[in-house]
Amino acid sequence: MDLNQTAAVREGTTRRRMLGRAGALAVTGAMVPLAGTGTAAAGVRHGHSLRRFLDFTVTQEQFGVTAVTAAIRKAPGTPSEQFVPVLRAVVTTEFTHVQALEAIGAEPLTSKFWIPDAVFDGGVALFTSLAAVEAIEISLYLVGVTAFTDRSDAFGARLCAEALGTEAEHRVLARFAASTLGAPTTPPNNVGFEPFPYQSTREVRTALMGLGIGYGEQSSAPGAFYEYPGDPVANGDGVPVDSPNPE
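Residues numbered from 1 in each chain as written. Predicted model: local features only at pLDDT ≥ 70, side-chain atom pairs only at ≥ 80, totals over all residues. Heavy atoms only, no water.

Enquirer: What exactly am I supposed to notice about the environment of V233 here?
Expert: Within the secondary structure, V233 sits in helix α9 (residues 232-235). Classification of V233 as partly exposed rests on a relative accessible area of 35%. Along the primary structure V233 and V91 are separated by 142 residues, whereas in three dimensions their C-alpha atoms are 8.9 Å apart. Each residue touching V233, except ones within four places of it in the same chain, is listed here: T92, G238, V239 and P240. (Helix = DSSP H or I, 4+ residues; strand = E, 2+ residues; numbered from the N terminus. Buried < 20%, exposed > 50% of the residue type's maximum accessible area, 1.4 Å probe, protein only. Contact = heavy atoms within 4.5 Å.)

If you want it as structure tokens, here you go:
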């Protein structure tokens, strides 16, 4: 068996394991509280609603695919063009998160996003904006780690931790790109532990909306609506990435 065949078998096995896990959750009733209302829908201590987390997080990952796709398409002729190979990997990573979250029951709240025009300057503002979003998303996945841990769900907690690791990589790369383009900044890898300033899905969403993002509706920032474009590899905007499925 050659390397390509080995990789294909491993990917198929991992995906089957993930989908099997999602099926097992539904069969055993672990998913039942997610579809409920009131106290049952909260499902965890500290007011962490797993349904709220899942649905907003998959929506936010679709936002990531949408925003980075737009950045890639707007890059030619701008200073950000030199970082397009990185962005092509980033956009696929965000899409793999969408797929994994949907496989365990997450449902997007919208596929239309209002993004401020200032983000797409093709330079420093693009990458400082991406870094700010990624930093908030780290808090979002820490909310998920807590929520799944409260339910004694090791797979869900690990999925969030694995996704959090890639979001931290994205933040560092965005900070590096901004620094390369002239933004004054501290070293991009300047934290010992990831900060956790937003400790609920609601706080995360408020923080992201504070950046001018609109989820299905227009924000006060000048901008435009962008529709979620789907699979970036199929669209020609992304490239395949390693470890496309949670372990």
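Enquirer: What is the right way to look at the packing of aromatic side chains in this model?
Expert: For any pair of aromatic rings, the description rests on two quantities: the centre-to-centre distance and the angle between the ring planes. Inspection of the entire model under this criterion finds nine aromatic pairs. Both rings, one in F83 and one in F127, keep their centres 5.2 Å apart while their planes meet at 70°; by these two values the pair is edge-to-face. In this pair, F83 sits in the loop between α4 (50-74) and α5 (84-103) while F127 sits in helix α6 (residues 124-150), placing the two residues 44 residues apart along the sequence. Classification of F127 as buried rests on a relative accessible area of 3%. An aromatic cluster is built from F56, F63, F113 and Y215, whose rings are joined through pairwise contacts. Over the aromatic face of F120 sits the side chain of K74, whose NZ or CZ is 5.3 Å from the ring centroid. Its guanidinium or amino end placed over the ring of F225, K112 lies 4.4 Å from that ring's centre, counting from NZ or CZ. (Phe/Tyr/Trp six-rings, centres within 6.5 Å; stacked < 30°, edge-to-face > 60°. Lys NZ or Arg CZ within 6 Å of the ring centre and 35° of its normal.)

Enquirer: Please explain the nonpolar core as it appears in this structure.
Expert: The nonpolar side chains of soluble globular proteins are, as a tendency, buried together. Core analysis: the largest hydrophobic core is formed by 58 residues, its most contacted members being F53, L54, I115, F120, F127, F148 and L208. Listing elements by their share of this core, those giving two or more residues are α4, α5, β1 (112-116), α6, α7 (154-180) and α8 (201-209). (Core = buried A, V, L, I, M, F, W, Y, C linked by side-chain atoms within 4.5 Å.)

Enquirer: What am I meant to see in the pattern of salt bridges here?
Expert: Think of it this way: side chains of opposite charge can pair up when their charged atoms draw near. Inspection of the entire model under this criterion finds three salt bridges. Here R73 makes a salt bridge to D237, at a shortest N to O gap of 2.7 Å. One end of the pair, R73, is in helix α4; the other, D237, is in the segment after α9, and 164 residues separate them in sequence. Across the pair R171 and E194 runs a salt bridge, and its minimum N-O distance is 2.6 Å. Within this pair, whereas R171 is found in helix α7, its partner E194 is found in the loop between α7 and α8, the two being separated by 23 residues in sequence. (Salt bridge = Lys/Arg side-chain N within 4 Å of Asp/Glu carboxyl O.)

Enquirer: Whenever I open this one, empty space enclosed by the protein confuses me. Can you help?
Expert: Empty space among the atoms can be located by rolling a probe the size of a water molecule over them. Throughout the structure, instances matching the rule amount to one cavity of 30 Å³ or more. Counted as a void, the largest cavity has a volume near 60 Å³. If you go around the largest cavity, the residues you meet are F63, G64, A67, V68, E94, L130, V133, E134 and E137. Counting only elements with at least two residues in the lining of the largest cavity, the list comes to α4 and α6. A class-by-class count of the residues in the lining of the largest cavity yields five nonpolar, one polar and three charged. (1 Å grid on protein atoms, 1.4 Å probe; cavity = no way out; pocket = protein on both sides within 12 Å on 5 of 7 lines; lining within 4 Å. Points joined across faces, edges and corners; volume = space filled by probe spheres on them. Nonpolar A, V, L, I, M, F, W, Y, C, P; charged D, E, K, R; others polar.)

Enquirer: I would appreciate a short explanation of the sheet that holds β1 in the present structure.
Expert: Within a sheet, adjacent strands bond to each other through the backbone by hydrogen bonds, running parallel or antiparallel. Read across the open sheet, the three strands follow the order β2-β1-β3; overall the sheet is antiparallel. Since the sheet does not close on itself, it has two edges, and those belong to β2 (214-215) and β3 (223-227), each with one partner. In terms of strand pairing, β1 meets β2 through two bridges, oriented antiparallel. Along β2, the bridge assignment pairs F113 with Y215. (Pairing = 2+ DSSP bridges.)

Enquirer: For this particular structure, what's the right way to read α4?
Expert: Along an α-helix, residues three or four positions apart point the same way, because every turn accommodates 3.6 residues. Between the first and last C-alpha of α4 there are 36 Å, a value that for 25 residues agrees with the 36 Å anticipated at 1.5 Å per step. The element α4 is extensively covered by neighbouring structure, given that 22 of its 25 residues are classed as buried. (Expected span 1.5 Å × (residues − 1).)

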